[in-house]
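Summary of structural features
Listed here are the chains, written in short residue letters.
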Amino acid sequence: MNFMIDNKKAMLEALEVADSATASGDVPVGALVLNEAGEIVGVGHNLRERDHDPTAHAEIVAMREAALKKGSWRLDGHTLVVTLEPCAMCAGAISQARIKSVVFGAWDEKAGAVGSVWDILRDPRAVHQVEVISGVMENECAALLTEFFKAQR
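What this report covers is the structure whose coordinates are included nearby. (Residues numbered from 1 in each chain as written. Predicted model: local features only at pLDDT ≥ 70, side-chain atom pairs only at ≥ 80, totals over all residues. Heavy atoms only, no water.)

1. Focus on the environment of P28
- Secondary-structure assignment places P28 in the loop between α1 (3-19) and β1 (30-34).
- With 121 residues separating them in the primary sequence, P28 and F149 have C-alpha atoms 9.7 Å apart.
- Aside from chain neighbours lying at most four places away, what touches P28 is A18, A21, T22, T83, L144, L145 and F148. (Helix = DSSP H or I, 4+ residues; strand = E, 2+ residues; numbered from the N terminus. Contact = heavy atoms within 4.5 Å.)

Printed below as a string of structure tokens:
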């Protein structure tokens, strides 16, 4: 299998995770952390509403789970797959965790920090550089968010 097929498969799983966020009233964003072997070691969706926690973004939830399983905060060699471009908080946490690569679906033109508004992960001044693959299943990821917000109105 080539790399794009693996990314698409992982994004399909992240979309399923994202869909489960709506039960708690959270914005449907899903994230997976994959280890070097491509195995899922962390799963998360937004839990801000449920947990009353402003830091409970999908990426943070997934990285916390992966770090606990690994027994270390260092997630060197790991890949984060997320349905929406990470925000500044999440991009900072991704860098701090030493994530190797980020794969994301939909762009966040208002708060995206991996190319839209800012580009924290690829800033040459950053302590840790992260490979970024954007736009994987972009339309499907964006549609899930569009439908959620349409239902909110």
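2. Comments concerning unusual backbone geometry
- Positive phi, normally seen in glycine, also occurs at H52, with a value near 55 degrees.
- Among the secondary structure elements, H52 is positioned in the loop between α2 (48-51) and α3 (58-70).
- Residue R98 is not a glycine yet carries a positive backbone phi of 65 degrees.
- Locating R98 in the fold gives a position in the loop between α4 (88-96) and β4 (101-106).

3. Quick look at the sheet that holds strand β5 (residues 131-133)
- Read from one edge to the other, the open sheet built from five strands follows the order β2-β1-β3-β4-β5, with strand pairing classed as mixed. A strand with exactly one partner marks an edge of an open sheet, and here the two such strands are β2 (40-45) and β5. Between one strand axis and the next, the sheet turns by 15 degrees as a mean value, whatever way the strands run.
- By the bridge criterion, five bridges tie β1 to β2 in an arrangement that is antiparallel. Of the residues in β2, the one forming a bridge with L32 is V43.
- Docked against the sheet, α3 engages β1, β2 and β3 (79-84), running at close to 150 degrees with respect to β2.
- Here helix α5 (residues 138-152) sits on the sheet and contacts β3 and β4; the angle it forms with β4, its principal contact strand, is near 60 degrees. (Pairing = 2+ DSSP bridges. Axes fitted to C-alpha atoms, helices over the stretch in contact; angles between N-to-C directions.)

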